[in-house]
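The residues making up each chain are set out below.
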Amino acid sequence: MTLAEGFGEHNLEDVVNVLVQVVEAAGALIIFVGAVIAFVRFLLVAFRREGLDPFARLRLDLGRFLVLGLEFQLAADILRTAVAPNFTELAQLATVAAIRTALNFFLGLEIKEETKLVQADKAAAATPATGATAPPATGAASPGTGPKPP
Amino acid sequence: MISTVSRDAALIVTAAGLIVAAVALARTRRAPLALALLLDFFTAAALLYLAAPPTWPALGAAALTIVIRQLASHALTAARAARHR
């Protein structure tokens, strides 16, 4: 008796389908929670503006949630290929997987790029601040309190 | 079951995206930023929509949303990077 006969192909199909639903739901939940967190944080940030562009960081965090959710959804797609569907389902599955893989790739690139830009923004915001504080410091030091000559 | 829930969630995220974009536009007067936020939320909605068993129109809409998002996002990132040079 083969394993497929013992276990039953339909049972295997049912088990895989349940697993697919669970993994897919986990991915969707992550994306939904990420969007809700981004929405709440956006409202908090929008009504008390900070100096540094806070929206870039917010988009970055939402992007990270999307990537994580996509990883789960891609795992569900891979699981789905374990049960042989008909040609239409297979074509739809291939399209979904292609969309998700491409988006995952581009989001990854975008997160890298956005992280660089956020750091550049931070550096740009810090540079004028040190420039603005430097002249009074030297000015205050000049009338008598400056470093003594050796 | 999952299709109904994920489609409802997609609708909620779409509405959240519209609110976020409107508030961002009103507060910052920066249309590109509002557009970027709107497209981010629409992408999340498209992914939630894809969690349901797919149909060809849903797949087309999701693919189109993601392509538009990528193009707009690429243009916005390039513009920001150019400002830093």
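A quick note: this is a predicted structure, and the numbers were derived from the prediction, not measured.

Colleague: Account for the overall build of chain B, naming residues and giving values.
Modeller: Counting its regular elements, chain B contains 3 helices and 0 strands. Along chain B, from the amino end to the carboxyl end, the secondary structure elements read α-α-α. Reported as C-alpha extents along the three principal axes, the dimensions of chain B are approximately 50 × 25 × 15 Å. Burial status across chain B gives 36% buried among its 85 residues. Sequence separation of at least 24 residues holds for 63% of the intrachain contacts in chain B that already meet a minimum separation of 6.

Colleague: Tell me what's going on with the nonpolar core, and back it up with residues and numbers.
Modeller: By size, the foremost hydrophobic cluster in this structure holds 46 residues, and its most contacted members are A:A35, B:V13, B:L37, B:F41 and B:L48. For this core, the elements supplying multiple residues, two or more each, are α2 (9-46), α3 (54-80) and α4 (87-141) of chain A together with α1 (2-28), α2 (31-51) and α3 (56-84) of chain B. It is α2(B) that contributes the most residues to this core, 16 residues altogether.

Colleague: Which residues make up the environment of A:V83, and what values go with them?
Modeller: Residue and element names in this part refer to chain A. Here V83 is to be found in the loop between α3 and α4. Once the C-alpha coordinates of V83 and L12 are considered, the two residues, 71 residues apart in sequence, prove to be 8.2 Å apart. Here V83 is in contact with E13, V16 and N17, once residues within four sequence places are set aside.

Criteria and thresholds
Each chain has its residues counted from 1, following the order in which its sequence is written. Note on labels: chains are lettered from A, ligands numbered from 1, in written order. Thresholds applied to this predicted model are a pLDDT of at least 70 for local features of residues and 80 or more for the giving and counting of side-chain atom pairs; totals over whole chains, interfaces and linings are not thresholded and use all residues. Numbering of helices and strands starts at the N terminus; helices are DSSP runs of H or I of at least 4 residues and strands are runs of E of at least 2. Exposure criterion: with C-beta atoms placed from backbone coordinates, a residue whose C-beta has 20 or more other C-beta atoms within 10 Å is buried, one with 12 or fewer is exposed, and one in between is partly exposed. Working definition of a contact: two residues with C-beta atoms, positioned from the backbone, lying within 7 Å. Put simply, a nonpolar core is buried Ala, Val, Leu, Ile, Met, Phe, Trp, Tyr and Cys residues tied into one set by C-beta atoms within 7 Å.

All we've got here are geometric facts, nothing functional implied.
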